[in-house]
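The chain contents come next:
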Amino acid sequence: MFDPASLLAPIVGAPMAGGPSTPELTAAISDAGGFGILAGAYLSPAQLREQIAAVRSRTGAPFGVNLFVPEEIPFDAESFLRFRDELLPLAARFGATLPQNICYSDDAFEAKTQVLLDEGVHAVSFTFGVPAPEVFAACTARGIATITTVTDRLEAEIAVAAGTAVLCAQGVEAGGHRSTFHILDDDRETPVLELLGRTAGLGVPVIGAGGIGSVTDVQAMLDAGAVAAQVGTLFLRTPEAGTRAAHRAALADPRFTETRTTRAYSGRPARALVNDYVRRYSRTAPPVYPQINGLTGPLRQAAADDPQVINLWAGTGWRGAQAAPAAQVVAALTPPG
Ligand SMILES: Cc1cc2nc3c(=O)[nH]c(=O)nc-3n(C[C@H](O)[C@H](O)[C@H](O)COP(=O)(O)O)c2cc1C
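Residues numbered from 1 in each chain as written. Predicted model: local features only at pLDDT ≥ 70, side-chain atom pairs only at ≥ 80, totals over all residues. Heavy atoms only, no water.

Asker: Describe the overall build of the protein chain, listing the residues and the values that go with them.
Answerer: Looking only at helices and strands, the protein chain features twelve helices and eleven strands. With the C-alpha coordinates of the protein chain rotated into their principal frame, the extents come out at 60 × 40 × 40 Å. Across the 337 residues of the protein chain, 56% fall into the buried class. Looking at the protein chain alone, contacts between residues at least 24 apart form 68% of all its contacts between residues at least 6 apart. As displayed, the protein chain has an accessible area near 13,500 Å², and 52% of this comes from carbon and sulfur atoms. Put simply, the protein chain has 25 plus and 33 minus side-chain charges, and the middle of one group is 6 Å from the middle of the other. (Helix = DSSP H or I, 4+ residues; strand = E, 2+ residues; numbered from the N terminus. Buried < 20%, exposed > 50% of the residue type's maximum accessible area, 1.4 Å probe, protein only. Contact = heavy atoms within 4.5 Å. Areas by Shrake-Rupley, 256 points an atom, 1.4 Å probe, with all protein chains shown as cover. Lys, Arg positive; Asp, Glu negative; His and termini not counted. Charge placed at Lys NZ, Arg CZ, Asp CG, Glu CD.)

Below you can see the structure in the form of structure tokens.
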């Protein structure tokens, strides 16, 4: 009998789209006895296929792939252009040209889902929503475990009703994007240990995510009923990750003293180290996703070496991030026994 929980080691390597996630990192985590999840967002279907092959060339261990579930809402051009105007002086400082218009993209969700079905990966995880029940059914029919990321009880109930095999309960402490189902949702900002209590009893295993800084935090999640802890930030400084140099350095820089959630980079809330950009633009950034992500892209590219501008995604446990091989991080986070 197919048991999705059997795939899950106590340490799940979070997908980290936009650079940090690499086939090397996913393979290293799975090889070390964790369960690596490759980020599929922002990749073309062909790139995704290549990255899956690259993981497989490095390890025979099981791993998963994550996709963002698209949601198209009416485009608020006025807010987009107002925010663009605000960013223009900063963009000029770095010689970046900001687009005037960005077409909606569903990030090739259907085509990439088909790649995952064709490739028969061990697990698919979904973020930013819940796909159609047929997607869950197709994965299950191929023996692919499905994981849906949720931030509150209602999302968990919806995901289970649609057919997810596993939940990933993402607490407010988590680095990177909040996985609320809708772009305009008010985030309930539930801490992970509380969320694990709220998502229990639905008949599916639950992975906890958010704020892991040490093995003690992992143990607390397991004690709260999680089958595993999904860890992102603590892998950002590993040599296998594709994290930018300025981001790696900021994670170890005592001048960065706090994290907060902000819509200022993509239009969706995401947790980052607080820098000048976050301080300046969080109040006015509109909830226009994915267009704000596309708008700030050229600026983040041009300012790649400036930690006061780029998105320094980080969870609340960021001070535990070590510049050590991923296998060592997995070992250090795995509770004894
Ligand atoms: C740099 C970065 C990128 C992320 N990208 C994704 C992603 O592509 N898909 C996803 O489901 N979650 C993504 N997340 C969130 C993680 O899945 C997870 O919820 C989070 O890392 C857990 O909190 P922690 O960072 O405090 O360990 C990202 C997190 C970080 C830090």
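Asker: Could you give an account of the environment of Leu 8, with specific residues and numbers?
Answerer: Mapped onto the secondary structure, Leu 8 falls in the segment before strand S1 (11-13). Judged by its relative accessible area of 11%, Leu 8 falls in the buried class. Spatially, the C-alpha atom of Leu 8 lies 22 Å from that of Ile 158, the residues being 150 residues apart in sequence. Here Leu 8 is in contact with Phe 35, Val 166, Ile 207, Val 227 and Ala 228, once residues within four sequence places are set aside.

Asker: How would you summarise the pattern of salt bridges if you had to cite specific residues and measurements?
Answerer: Summed over all chains, the structure comprises 13 salt bridges. Here Arg 188 makes a salt bridge to Asp 152, at a shortest N to O gap of 3.0 Å. Pair noted here: Arg 188 is in the loop between strand S7 (176-177) and helix H7 (192-198) and Asp 152 is in the loop between strand S5 (145-150) and helix H6 (153-162), with a separation of 36 residues, a long-range link. (Salt bridge = Lys/Arg side-chain N within 4 Å of Asp/Glu carboxyl O.)

Asker: How would you explain helix H5 (residues 133-141) if you had to name every residue and give the values?
Answerer: Within H5 the residues assigned to the buried category are Val 135, Phe 136 and Cys 139. End-on view of H5: buried residues confined to an arc of 100°, all on one side of the axis. Opposite the buried face of H5, by more than 90 degrees, sit the exposed residues Glu 134 and Ala 141. On its buried side, H5 packs onto helix H4 (109-119), strand S4 (123-127), S5 and H6. Following H5 by one or two positions, Gly 143 adopts a phi angle in the positive range, close to 75°. (Arc of directions from axis to C-beta.)

Asker: Could you give an account of the domain arrangement of the protein chain, with specific residues and numbers?
Answerer: The domain boundaries assigned to the protein chain delineate domain 1 (4-70 + 105-242 + 322-333) and domain 2 (74-102 + 257-311). Using only C-alpha atoms to locate each centre, domain 1 and domain 2 end up separated by 26 Å. Taken together, the contact pairs 18 residues of domain 1 with eleven residues of domain 2. Where domain 1 abuts domain 2, roughly 1,200 Å² becomes buried across the two surfaces, and 48% of that area is made up of carbon and sulfur atoms. The largest contributions to the domain 1 side of the interface with domain 2 come from His 177, Arg 178 and Ile 183, which together make up 43% of the buried area. Seen at the junction of domain 1 and domain 2, the total is zero salt bridges. Between the two partners, domain 1 and domain 2, sit six residue pairs in polar contact (both at pLDDT 80 or more). Residue classes in the side of domain 1 that touches domain 2 are distributed as eight nonpolar, six polar and four charged. (Domains from an automatic or database assignment. Buried area = accessible area lost by both parts, 1.4 Å probe. Polar contact = N/O pair within 3.5 Å; in protein donor to acceptor, adjacent residues only side chain to side chain. Nonpolar A, V, L, I, M, F, W, Y, C, P; charged D, E, K, R; others polar.)

Asker: Outline the packing of aromatic side chains, supporting the account with residue identities and numerical values.
Answerer: The geometry of an aromatic ring pair is captured by the separation of the ring centres together with the interplanar angle, meaning the angle of the planes. Evaluation of the coordinates by the stated rule reveals ten aromatic pairs. Judged by centre distance (6.2 Å) and plane angle (55°), the ring pair of Phe 109 and Phe 126 falls under tilted. One end of the pair, Phe 109, is in helix H4; the other, Phe 126, is in strand S4, with 17 residues separating them in the sequence. Accessibility expressed as a relative area gives 9% for Phe 109, which makes it buried. Considering the side-chain rings of Tyr 277 and Tyr 281, the 4.7 Å spacing of their centres and the 45° angle between planes classify their relative orientation as tilted. In this pair, Tyr 277 and Tyr 281 are both assigned in helix H10 (residues 276-281), four residues apart and thus about one turn of the helix distant. A connected cluster of aromatic rings, assembled from ring pairs, spans Phe 83, Tyr 265, Tyr 277, Tyr 281 and Trp 313. Directly above the ring of Phe 128 sits Arg 268, whose terminal nitrogen or CZ lies 3.9 Å from the centroid. The ring of Tyr 289 has Arg 268 sitting right over it, with the charged end atom 5.8 Å from the ring centre. (Phe/Tyr/Trp six-rings, centres within 6.5 Å; stacked < 30°, edge-to-face > 60°. Lys NZ or Arg CZ within 6 Å of the ring centre and 35° of its normal.)

Asker: Tell me what's going on with the pairing of strand S9 (residues 228-231), and back it up with residues and numbers.
Answerer: Of the two faces of S9, the one holding Ala 228 and Gln 230 and the one holding Ala 229 and Val 231 are both buried throughout. As paired elements, S1 and S9 share three bridges and run parallel to each other. Opposite Gly 13, over in S9, you have Val 231 as the bridge partner. Bridge count for strand S8 (residues 206-209) against S9 is three bridges, and the pairing is parallel. Within S9, the residue paired with Ile 207 across the bridge is Ala 228. Handedness of the β-α-β unit built from S8, helix H8 (residues 215-223) and S9 comes out right-handed. (Pairing = 2+ DSSP bridges. Right-handed = clockwise from strand over helix to strand, strands pointing away.)

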